[in-house]
Amino acid sequence: MWHVAAWRAVPTMAHGFLGRAESPPNGRWADAVEAAGHPGPLVLPRQVHGTTVARVAAPGDVGDADAVVASSGDVVVGVVTADCVPILLRTRNGAGVAAVHAGWRGAAAGVVERAVEVLCGVAATTPAEIEAAIGPAVGPCCYRVGPEVRETFQRRTGETTALAWTRDGDRYRLDLRTAVTLLLAGAGVRTIATVGPCTSCSLELHSYRRDAVAAGRQLSFIGLR
Ligand SMILES: [Zn+2]
């Protein structure tokens, strides 16, 4: 499991990016969260690579969404990933947290900025008062994409993510975590940490690109308490 060291010192919050060892193959994520230090209850969205952000106030089904925002300790929110980017957000005023699932489609479509916007509304704060943590995801070492992927980003965000792309023949190597960092910065978030290795390189993590249909998923969670 990976943590942001500074966040572990915040007594009113628990968070973690679980690895393969802590992620149960049976999908019993609530047990994994409890073992990692939060009693739950855990709320997970049905991830669809879109831009819907669900506000969660009570346990239950939140439907299709790729980000979940909570403003009390009644729930802990999370996302599950295999190569996509898990992002955890907290506000310095302690009034809200969010978990975001960002694959290239969701990131290109705007789920990251939308989550920042909704969290600011829920917690009555500004992006400059949000802290972000980016967990393990596929790195540029293992992620080549076609030019249409870059064009999809460019259509919405211009050159905001330019530093995340390296030409590789007629394709690109995409550093998706750098792209997410640049999108967060573009939305006004100034404090951004990245933890953990490339999922495809590290056998401590599940990777869809490495293991294909046999790949499991790992949970990233955050909750107030
Ligand atoms: Zn790699």
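The model shown is predicted, which means the values in this text are computed figures rather than measured ones.

### Here's the deal with the nonpolar core
Alright, step 1. Formed by 39 residues in total, the largest nonpolar core has its most connected members in Ile87, Leu89, Phe153, Leu174 and Leu184.
Alright, step 2. If one sorts the elements of this core by residue count, helix 4 (residues 111–123) sits on top with seven residues.
Alright, step 3. Other than its neighbours up to four places away in sequence, Leu184 contacts Ile87, Leu89, Val112, Val116, Ala132, Ile134, Val189 and Ile192.
Alright, step 4. Core analysis: the next-biggest nonpolar cluster, separate from the first, contains 23 residues, Val43, Ala65, Ala70 and Leu224 among them.

### Digging into the coordination of the zinc ion
Between any two of four tetrahedral donors, the ideal angle at the metal is 109.5 degrees; between two of six octahedral donors, it is 90 or 180 degrees.
Alright, step 1. The zinc ion binds to the protein through Cys141 (SG), Cys142 (SG), Cys198 (SG) and Cys201 (SG); the donor distances cover 2.3 Å.
Alright, step 2. Each of the four donor atoms bound to the zinc ion contributes to angles spanning 104 to 114°, and the resulting shape is tetrahedral.
Alright, step 3. Each donor residue of the zinc ion belongs to the same chain, with the gaps between them written as C-C-x55-C-x2-C. With Cys142 in the loop between strand 8 (130–134) and strand 9 (144–145) and Cys198 in the loop between strand 12 (191–194) and helix 7 (208–211), this residue pair connects regions lying 56 residues apart in the sequence.
Alright, step 4. Taking the relative accessible area as the measure of exposure, Cys142 reaches 23% and is therefore partly exposed.
Alright, step 5. The buried category is assigned to Cys198, whose relative accessible area is 9%.

### Observations concerning the sheet that holds strand 13 (residues 218–224)
In a beta sheet, neighbouring strands are held together by backbone hydrogen bonds and run either parallel or antiparallel to one another.
Alright, step 1. Within the open sheet, the four strands sit side by side as 1-13-5-2. Their pairing is mixed. Unpaired on one side and paired on the other, strand 1 (13–17) and strand 2 (42–43) mark the two borders of the sheet.
Alright, step 2. Pairing geometry for strand 1 and strand 13, over five bridges, is antiparallel. Residue Met13 lies in a different strand from strand 13, and its bridge partner there is Leu224.

### A word on the packing of aromatic side chains
Alright, step 1. If you walk through the whole model with that rule in mind, you get two aromatic pairs.
Alright, step 2. Their ring planes at 70° and their centres at 5.4 Å tell us that Phe153 and Trp165 sit as a pair that is edge-to-face. With a gap of 12 residues between them, Phe153 in helix 5 (residues 147–157) and Trp165 in strand 10 (residues 165–168) connect regions that are remote in the sequence.
Alright, step 3. Note on Phe153: relative accessible area 0%, which makes it buried.

Thresholds, definitions, all that
- Residues numbered from 1 in each chain as written.
- Predicted model: local features only at pLDDT ≥ 70, side-chain atom pairs only at ≥ 80, totals over all residues.
- Heavy atoms only, no water.
- Core = buried A, V, L, I, M, F, W, Y, C linked by side-chain atoms within 4.5 Å.
- Buried < 20%, exposed > 50% of the residue type's maximum accessible area, 1.4 Å probe, protein only.
- Helix = DSSP H or I, 4+ residues; strand = E, 2+ residues; numbered from the N terminus.
- Contact = heavy atoms within 4.5 Å.
- Donors = N, O, S within 2.8 Å, 3.2 Å for Na, K, Ca; no water.
- Tetrahedral: all angles 85-135°; square planar, octahedral: opposite > 155°, others 65-115°.
- Pairing = 2+ DSSP bridges.
- Phe/Tyr/Trp six-rings, centres within 6.5 Å; stacked < 30°, edge-to-face > 60°.

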